[in-house]
Amino acid sequence: MAPDCTPFERQLIEGCRQGSPQYQEMFYKHFYGFTMAIALRYHPARQEAGSVVNDSFMKVFARIDRYAFEETFKGWLRRIVVNTALDHYRKHVKHTQTVEYDQADSQSVEVENAVISQLTAEDILTLLQHLPDQYRMVFNLYEIEGYSHEEIAGQLNLSVSSSRVYLVRAKEKLARLVKSYFPNHNERFYS
């Protein structure tokens, strides 16, 4: 069975494999927070994130019999939520703008490691919500999910260089946001 599952989660998976609505409801309630946290990283509007979560659960229930128990269950579930978030993003992108690396007028913004290490998950989620959609997508896929720039380019219909530029710009914007949200970081983090 999945190496990361509790006995209760194993029971939920088996109940969902049998198509039990009661187990599906318990499964949904049990994993809702986990899936919503992932969806909110990609779609900061709660309503859109909720749609991603609901569509993800529909996919999970339709495909749970395909889950191979060699991989972690949460990893499998995370991949479904991320792919669903990307599907929603691609559906709703009205105008995709690609940027070549030569066009990037990046200014390096330094943020002290002590500040970054003190940020809570809630702080980070708040900061990510302030990124433009493409920056947020690339940042999440590269830094959090571990995708390569080539994979991101394929997923988001970008050039590889645009993926790199969006990542650099996302990091720069996050650094500026940290400085603006935590202007007195010396007092907060060093006292």
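Look up: the structure comes first, before these words.
How each quantity is defined
Residues numbered from 1 in each chain as written. Predicted model: local features only at pLDDT ≥ 70, side-chain atom pairs only at ≥ 80, totals over all residues. Heavy atoms only, no water. Phe/Tyr/Trp six-rings, centres within 6.5 Å; stacked < 30°, edge-to-face > 60°. Helix = DSSP H or I, 4+ residues; strand = E, 2+ residues; numbered from the N terminus. Buried < 20%, exposed > 50% of the residue type's maximum accessible area, 1.4 Å probe, protein only. Lys NZ or Arg CZ within 6 Å of the ring centre and 35° of its normal. Core = buried A, V, L, I, M, F, W, Y, C linked by side-chain atoms within 4.5 Å. Domains from an automatic or database assignment. Contact = heavy atoms within 4.5 Å. Arc of directions from axis to C-beta.

1. Some details on the packing of aromatic side chains
The tally for this structure, following the rule as stated, stands at 12 aromatic pairs. Ring plane angle 55° and centroid distance 5.5 Å describe the contact between F31 and F73, whose orientation is recorded as tilted. A residue pair is termed long-range when its members are at least 10 positions apart, and F31 in helix α2 (residues 21-42) and F73 in helix α4 (residues 73-92) qualify at 42 residues. When the centroid spacing of 5.1 Å and the interplanar angle of 90° are considered together, the rings of Y67 and F73 count as edge-to-face. When its relative accessible area of 1% is taken as the criterion, F73 is described as buried. Three or more aromatic residues link up through ring pairs in this structure, and these residues are F27, Y28, F31, Y32, F57, F61, Y67, F73 and W76. Here K74 stacks its cationic end above the ring of F34, 5.3 Å away from the centre of that ring.

2. Topic: the nonpolar core
If you look at the biggest cluster of nonpolar residues, it comprises 48 residues, and the most contacted ones within it are F27, V60, I64, F73, L141 and L156. Mapped onto this core, the elements with two or more residues apiece are α1 (7-17), α2, α3 (46-63), α4, α6 (121-128), α7 (133-144), α8 (149-156) and α9 (160-181). Per element, the largest residue contribution to this core is 9 residues, and it comes from α4. Each of domain 1 (7-94) and domain 2 (99-190) accounts for three or more of the residues forming this core. Among residues more than four places away in sequence, those in contact with F27 are L12, I13, C16, F57, V60, F61, I64 and F73.

3. Points about α1
What α1 keeps buried is the set E9, L12, I13, G15 and C16. In a view along the axis of α1, the buried residues occupy a sector of 165°, so they form one face of it. Buried positions along α1 lie against α2, α3 and α4. One or two positions beyond α1, positive phi appears at G19, with a value near 80°.

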